[in-house]
Amino acid sequence: MGPILAIKLYFQRAFDITGRSSRSEFIWIVFCHSNAFMLVFFLAVYNGLVMDPDKGFFTALSTVLARIYVLLVLVSIIPSITLSIRRFHDLGYTGWLTALFFGLCFIPVVGAISAIICNLWLSFGKGTIGYNTYGQDPRHEFRDAHE
């Protein structure tokens, strides 16, 4: 699965907690998110996200970039949660593990460690081959439908 199909499925299945999502779909989304967030963040820092010492407030451009960053976060919360649920389904586990890892993120230090573990698990864990409790193997399901 390529990045275009991964992004298309990410938004098409934004509210779908059934079925499964492949490793490649998850990795492409993480890659695209990371690049988009880093781009906006570095542009904001480069253009003076820090307060303007002469005026005592944020510059207009940095305020716009900060708002774009917040908008990216808000737009991606629900699709990212549902993608994680479907990815756990592909691994053969319940989607409720997403809630567990999300809840652990509110505990200092433990949250950072659990986020790293969760992302590594979802990125590199091999999905169940063939049909499992949560549906058809996504490697074959979407390859056949979109190629």
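Scroll up to find the structure this text is about.
Quick summary incoming for the structure in this document. (Residues numbered from 1 in each chain as written. Predicted model: local features only at pLDDT ≥ 70, side-chain atom pairs only at ≥ 80, totals over all residues. Heavy atoms only, no water.)

A few points about the environment of Leu83
On the secondary structure map, Leu83 appears in helix α3 (residues 60-91). You can call Leu83 buried: its relative accessible area is 2%. Each C-alpha atom of the pair Leu83 and Leu122 lies 10.0 Å from the other, and the pair is 39 residues apart in sequence. The residues touching Leu83, leaving out its near neighbours within four places in the chain, are Tyr10, Ser21, Glu25, Phe26 and Ile29. (Helix = DSSP H or I, 4+ residues; strand = E, 2+ residues; numbered from the N terminus. Buried < 20%, exposed > 50% of the residue type's maximum accessible area, 1.4 Å probe, protein only. Contact = heavy atoms within 4.5 Å.)

Some remarks on a nonpolar patch on the surface
A cluster of nonpolar side chains, Phe15, Met38, Phe41, Phe42, Val45, Tyr69, Val70, Val73, Leu74, Ile77, Ile78 and Ile81, forms an exposed patch at the surface whose accessible area comes to about 1100 Å². Those elements giving two or more residues to the nonpolar patch turn out to be α2 (23-46) and α3. Take the nonpolar patch: its biggest share by element is 7 residues, from α3. Along the chain, Ile78 falls in helix α3. Taking the relative accessible area as the measure of exposure, Ile78 reaches 44% and is therefore partly exposed. (Patch = residues over 30% accessible without salt bridge, like charges linked within 9 Å, V, L, I, M, F, W, Y side chains within 5 Å. Areas by Shrake-Rupley, 256 points an atom, 1.4 Å probe, with all protein chains shown as cover. Salt bridge = Lys/Arg side-chain N within 4 Å of Asp/Glu carboxyl O.)

What to know about the side chain of Ser22
Mapped onto the elements of the fold, Ser22 is located in the loop between α1 (3-12) and α2. For Ser22, a relative accessible area of 4% corresponds to the buried category. Within the local environment of Ser22, its side chain forms a polar contact with the backbone nitrogen of Glu25, the two atoms lying 3.3 Å apart. In this structure Ser22 touches Met1, Arg87, Asp90, Pro138 and Arg139, once residues within four positions along its chain are discounted. (Polar contact = N/O pair within 3.5 Å; in protein donor to acceptor, adjacent residues only side chain to side chain.)

The analysis is restricted to geometry; functional conclusions fall outside its scope.
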